[in-house]
Amino acid sequence: MLYLSTRGHPDRKHFCEILLEGLAPDGGLYLPEQYPQVTPEQLSKWRRLPYPELAFEVLSLYIDDIPAEDLRAICRRTYTEEVFGTKEIVPLEPLEDGVWLEALSNGPTLAFKDMAMQLLGNLFEYELARRGEELNILGATSGDTGSAAEYAMKGKKGVRVFMTSPHGRMSPFQQAQMFSLQDANIHNLAIEGVFDDCQDIVKAVSNDLDFKRKYKIGTVNSINWARLVAQVVYYFAGYFQATKSNAEQVSFTVPSGNFGNICAGHVARMMGLPVDKLVLATNENDVLDEFFRTGIYRVRGGADTYETSSPSMDISKASNFERFVFDLLGRDAGPVKRLFGEELAKNGRFDLSADPVFALARTCYGFRSGKSTHADRLTTIRDTHQRFGVTIDTHTADGLKVARHFVQPGVPMIVLETAQPIKFAATIVEALGHEPDRPTHFQGIEGLPKRVTVLPADAAQVKAFVAAHLS
Ligand SMILES: *Cc1c(COP(=O)(O)O)cnc(C)c1O
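Residues numbered from 1 in each chain as written. Predicted model: local features only at pLDDT ≥ 70, side-chain atom pairs only at ≥ 80, totals over all residues. Heavy atoms only, no water.

Digging into the environment of D65
Part 1 of the reasoning: Its location among the elements puts D65 in the loop between α3 (51–60) and α4 (68–78).
Part 2 of the reasoning: With 243 residues separating them in the primary sequence, D65 and T308 have C-alpha atoms 42 Å apart.
Part 3 of the reasoning: If near-sequence neighbours (up to four positions away) are discounted, D65 is found in contact with H14, F15, C16, E17 and R130.
Part 4 of the reasoning: Of the polar contacts made by the side chain of D65, one reaches the backbone nitrogen of C16; its length is 3.0 Å. (Helix = DSSP H or I, 4+ residues; strand = E, 2+ residues; numbered from the N terminus. Contact = heavy atoms within 4.5 Å. Polar contact = N/O pair within 3.5 Å; in protein donor to acceptor, adjacent residues only side chain to side chain.)

What follows is the structure, given as structure tokens:
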């Protein structure tokens, strides 16, 4: 299996080559040359497999430069009951008629990003050891990504994490989760500024190519193909739990920000998983809902990007969206390069409403979309708690609210549960009048000693910190 760039760069690469890279050299995103097709016989066999074995089967279709036995061992080491809390790893629970919740948030940081990041940690350690190299991951986080990266990389050989976050702006629980890590290879940098300042610092450091090379700076952001392909696995696992035979179809609803999670659903569908609809749910930051309704993709400015109570979906643009548009445009890199490389840079928007391919997003690829607001979130959390005794987090509430518009008789609707409510306790209190339950091993974490360095919003000082902490 070889990988190409959505913007047409002539190089073709193997999995482990793109594993440690971010964007392709031409600014495009990596995708496999074609999607491997799953036969009905394979589906029947996979249906009976425990999660780590299913992960191995899916991943081995995409990875031809890690020996099978090593890859299998990595999958078994990653998806354990000890790390993910249950044998199913992603247990499916029925909610109301025809609607199921697939729990993706039982990992170490209680959000779905653990599903991919835990695998990435083990893949990085394996590949760096094989090459005899080291990597210093520099990132910016407002919460979920940074903690998932740190819990995945902590104690891993050959990897250090330098994670910037806006000083004093994450929830106390999120701060405690990250800053209580005492591992020597994890460095928390609280930046005196907002999340954008953190992102600007990461960009400035990455644009200093000499520094980047000398200090082996890398990233783990959501455009990484390995993260995406790890997420494909739980679409299969959700399907198998909701159906009895491969003749049945299901739909998925996915709370979306950067289009990473739902893009994995698109890939699973392209491989032949019997998915009817892929329903995309946004919060007030509705860049993607607008596109799927109108054909217009419009990047938001800072003033039009809202801070919401489902903060992990507060995006101004959707960094994985180019992958889907590449498929939508018949895998023709020319127009993708024009839209994403030129039109977006010049106008901050592009318009496919008059292009006949736009209709294919619905008809051929099964996409639907909807939007949810703070008031919807509160209503949905309250209603789900009252009727079923289940407390859902704010992002999952956005998904469930939108899912209800698209439920069809006879087609199970699987809503992806992307975080646990304790991470967003303030909104749960607003909705229910009391705090959500806290998993026992998170009792009292706010009181643990914190390991964090406060720095001004200055790339030079972050560089100096990295350079001084390489042992
Ligand atoms: C990251 C995140 C999302 C959005 O996922 P994308 O892959 O960016 O679409 C949704 N919910 C939670 C809890 C998240 O952490």
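We are not done yet, so read on.
Side note on the pairing of strand β6 (residues 159–166)
Part 1 of the reasoning: Most of β6 is tucked away: eight of the eight residues are buried.
Part 2 of the reasoning: Pairing between strand β5 (residues 135–140) and β6: six bridges, direction parallel. Bridged to L135 within β6 is V159.
Part 3 of the reasoning: This β-α-β element, β5 to helix α7 (residues 144–153) to β6, shows right-handed connectivity.
Part 4 of the reasoning: By the bridge criterion, six bridges tie β6 to strand β7 (residues 186–192) in an arrangement that is parallel. (Buried < 20%, exposed > 50% of the residue type's maximum accessible area, 1.4 Å probe, protein only. Pairing = 2+ DSSP bridges. Right-handed = clockwise from strand over helix to strand, strands pointing away.)

Some thoughts on the packing of helix α13 (residues 287–294) against helix α14 (residues 321–328)
Part 1 of the reasoning: Running from amino to carboxyl end, α13 crosses α14 at an angle of 15°, the nearest separation of the two axes being 13 Å. Looking at the two axes, α13 sits roughly parallel to α14. Handedness of the α13/α14 crossing: right-handed. Of the residues in α14, those touching α13 at L288, F291 and F292 are F321, F324 and L328.
Part 2 of the reasoning: The class makeup of the residues in the contact of α13 with α14 is six nonpolar, no polar and no charged. (Axes fitted to C-alpha atoms, helices over the stretch in contact; angles between N-to-C directions. Parallel < 35°, antiparallel > 145°, perpendicular 65-115°, else oblique. Left-handed = near helix turned anticlockwise from the far one by under 90°. Nonpolar A, V, L, I, M, F, W, Y, C, P; charged D, E, K, R; others polar.)

Overview of helix α17 (residues 374–388)
Part 1 of the reasoning: Taking 1.5 Å per residue, 15 residues should reach 21 Å; α17 reaches 21 Å between its end C-alpha atoms and fits that length.
Part 2 of the reasoning: Those residues of α17 not exposed but buried are R377, L378, T380, I381, D383 and T384.
Part 3 of the reasoning: Positioned one or two residues after α17, G389 has a phi angle of 65°, which is positive. (Expected span 1.5 Å × (residues − 1).)

Considering the packing of aromatic side chains
Part 1 of the reasoning: A complete count under the given rule lists 31 aromatic pairs for this structure.
Part 2 of the reasoning: Aromatic pair Y234 and Y235: ring centres 5.5 Å apart, planes at 25°, arrangement stacked. No difference in accessibility class separates Y234 from Y235, as the two residues are buried.
Part 3 of the reasoning: Ring geometry for F324 versus Y365: centroids 5.6 Å apart, planes at 85°, classification edge-to-face. With F324 in helix α14 and Y365 in the loop between α16 (360–363) and β13 (367–371), this residue pair connects regions lying 41 residues apart in the sequence. We note that F324, like Y365, is buried.
Part 4 of the reasoning: Following the ring pairs from residue to residue traces out a cluster consisting of F259, F291, F292, Y297, F321, F324, F340, F350, F358, Y365 and F367.
Part 5 of the reasoning: Just above the ring of F211 sits the side chain of K463; from NZ or CZ to the centre is 5.6 Å. (Phe/Tyr/Trp six-rings, centres within 6.5 Å; stacked < 30°, edge-to-face > 60°. Lys NZ or Arg CZ within 6 Å of the ring centre and 35° of its normal.)

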